[in-house]
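# What the coordinates show
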Amino acid sequence: SFTPRVFSGIQPTGNLHLGNYLGALKRFVDWQARDAETIYCMVDLHAITVWQDPADLQKSTRELCAGFIAAGLDPENSILINQSQVPEHAQLAWVFNCVARMGWMQRMTQFKDKAGKNAQNASLGLFAYPALMAADILVYHATHVPVGEDQKQHLELTRDIATKFNHDYGVDFFPITEPVIEGAGTRVMSLRDGSKKMSKSDVSDASRINLTDDADTIAKKIRKAKTDPDALPSEVAGLSDRAEAKNLVNIFAALNNQSVEEVLADVGGKQFSEFKPMLAELAVAKMSPITTEMARLMEHQDEIDKILARGAERARAITAPILRQTYDIIGM
Ligand code: ADP
Ligand code: NA
């Protein structure tokens, strides 16, 4: 039977948080447990599409690798890599820069959001980012790409690039990859503002639970999370228009591997003064092993560097032949 090949990546830009864990890392671990070949990437080449301090980038890359492992990714099972250490990503991206059309790239909403009003001053790399993402995926002939809703347009572009390449060269070489869009229910919102997603780039540290926070900090951030004065409802419908309340219940459900219905059946009628300590206890119980292991690994950077070197070697056994075949098709 057919074994799915799963690829996904995260930018090493620091402040890895609970949203990254529940929305990405925990799902990566679920894929690893299935009958799938799993490849997970720290996408440093994507990170430098906007300015990164060199020392911070290096630290964030190791920290992200530590986070992957601490969250449960096994480097003997999954292939864990840092993008720049597998040069075929960038080499195939150049080919795709020549396949993708300017008009396609100009429609990308994430570029418009990230470049803002001053698009003339954005890097060329930020504009070309989706072609590199297509290369990240297709250089492995990956079949499944678990990503958030915000990456859907980039995955459609990946399919367009594969289709055009196959058509232009008259081959059936690159697969048309299926997106595995994670549900909106898995989106973790800011602890300070229920209308914004929890994000690495939020200036308020209290808005997120970092994977580097200790137990006391995690508990304190949950105690201080924004809520409303009402008791918890016993039905999901009672959470509509209560973004902050909904977020805390969602987090509880995700951490406890329960549905929101199941959580509300237990806690409906309770005040936040009672629910928050329950959530804090759960979050500390689930996150402490991860934060502790991450901190341990950060004391052994040689261990991390070895894992990434070995991951690059395993990755290149896949990517080098695919790039070679691509060049052959093109006549290079
Ligand atoms: P950020 O937006 O914090 O910079 P990234 O864009 O690097 O995070 O996202 C890395 C991964 O984590 C992606 O798969 C993304 O979908 C997921 N992710 C990021 N923020 C959240 C969130 N608040 N809730 C759920 N998943 C998230
Ligand atoms: Na696997």
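Scroll up for the structure.
First, a word on what this report is: a plain description of the structure on this page. Since the model is a prediction, treat every value here as computed from it, not as a measurement.

What counts as what
Residues numbered from 1 in each chain as written. Chains lettered and ligands numbered in written order. Predicted model: local features only at pLDDT ≥ 70, side-chain atom pairs only at ≥ 80, totals over all residues. Heavy atoms only, no water. Donors = N, O, S within 2.8 Å, 3.2 Å for Na, K, Ca; no water. Helix = DSSP H or I, 4+ residues; strand = E, 2+ residues; numbered from the N terminus. Near = heavy atom within 4 Å. Polar contact = N/O pair within 3.5 Å; in protein donor to acceptor, adjacent residues only side chain to side chain. Areas by Shrake-Rupley, 256 points an atom, 1.4 Å probe, with all protein chains shown as cover. Nonpolar A, V, L, I, M, F, W, Y, C, P; charged D, E, K, R; others polar. Expected span 1.5 Å × (residues − 1). Buried < 20%, exposed > 50% of the residue type's maximum accessible area, 1.4 Å probe, protein only. Core = buried A, V, L, I, M, F, W, Y, C linked by side-chain atoms within 4.5 Å. Domains from an automatic or database assignment. Pairing = 2+ DSSP bridges. Right-handed = clockwise from strand over helix to strand, strands pointing away.

## Side note on the coordination of the sodium ion (ligand 2)
Protein coordination of the sodium ion (ligand 2) is provided by Ala36 (O), Thr38 (OG1) and Asn77 (OD1), with donor distances spanning 2.6 to 3.1 Å. For the sodium ion (ligand 2), the single-chain donor residues occur in sequence as A-x1-T-x38-N. Of this pair, Thr38 sits in strand E2 (residues 37–42) while Asn77 sits in the loop between helix H3 (54–70) and strand E3 (79–82); the two residues are 39 residues apart in sequence, bridging distant segments of the chain.

## Overview of the site of ligand 1
The immediate surroundings of ligand 1 are formed by 14 residues, with His17, Val188, Lys197, Met198 and Lys200 found nearest. Measuring from an oxygen atom of ligand 1, one finds a side-chain N or O atom of Lys200 at 2.6 Å. Summarising the interface, the protein chains cover 82% of the accessible area of ligand 1, which totals 530 Å² for the free molecule. Take the shell around ligand 1: its biggest share by element is four residues, from helix H1 (residues 18–33). In the shell around ligand 1, the residues fall into four nonpolar, seven polar and three charged.

## Focus on H3
Between its terminal C-alpha atoms H3 stretches 24 Å, which fits the 24 Å expected from 17 residues at 1.5 Å a residue. Most of H3 is tucked away: twelve of the 17 residues are buried. Buried within H3 are the following residues: Leu57, Ser60, Thr61, Arg62, Glu63, Leu64, Cys65, Ala66, Gly67, Phe68, Ile69 and Ala70. At the N-terminal end of H3, a side-chain oxygen is found 3.2 Å from the backbone nitrogen of Ala55, two or three residues along, and the residue is Asp53. With its phi angle positive at about 120 degrees, Gly72 sits one or two positions after the end of H3.

## Some thoughts on the nonpolar core
Membership of the largest hydrophobic core comes to 58 residues, with the highest contact counts inside it found for Leu18, Tyr21, Leu25, Phe68 and Phe275. Taken domain by domain, the makeup of this core includes at least three residues from each of domain 1 (5–181 + 300–330) and domain 2 (205–296). Among the nonpolar cores identified, the runner-up in size contains 45 residues, and Phe96, Ala100, Ala131 and Val145 belong to it.

## What about the pairing of strand E4 (residues 144–147)?
Of the two faces of E4, the one carrying His144 and Pro146 and the one carrying Val145 and Val147 are both buried. Across four bridges, the pairing between E4 and strand E5 (residues 178–181) is parallel. Counterpart to Val145 in the pairing with E5 is Pro179. Following the backbone out of E4, through helix H8 (residues 152–169) and into the adjacent parallel E5, one traces a crossover that is right-handed.

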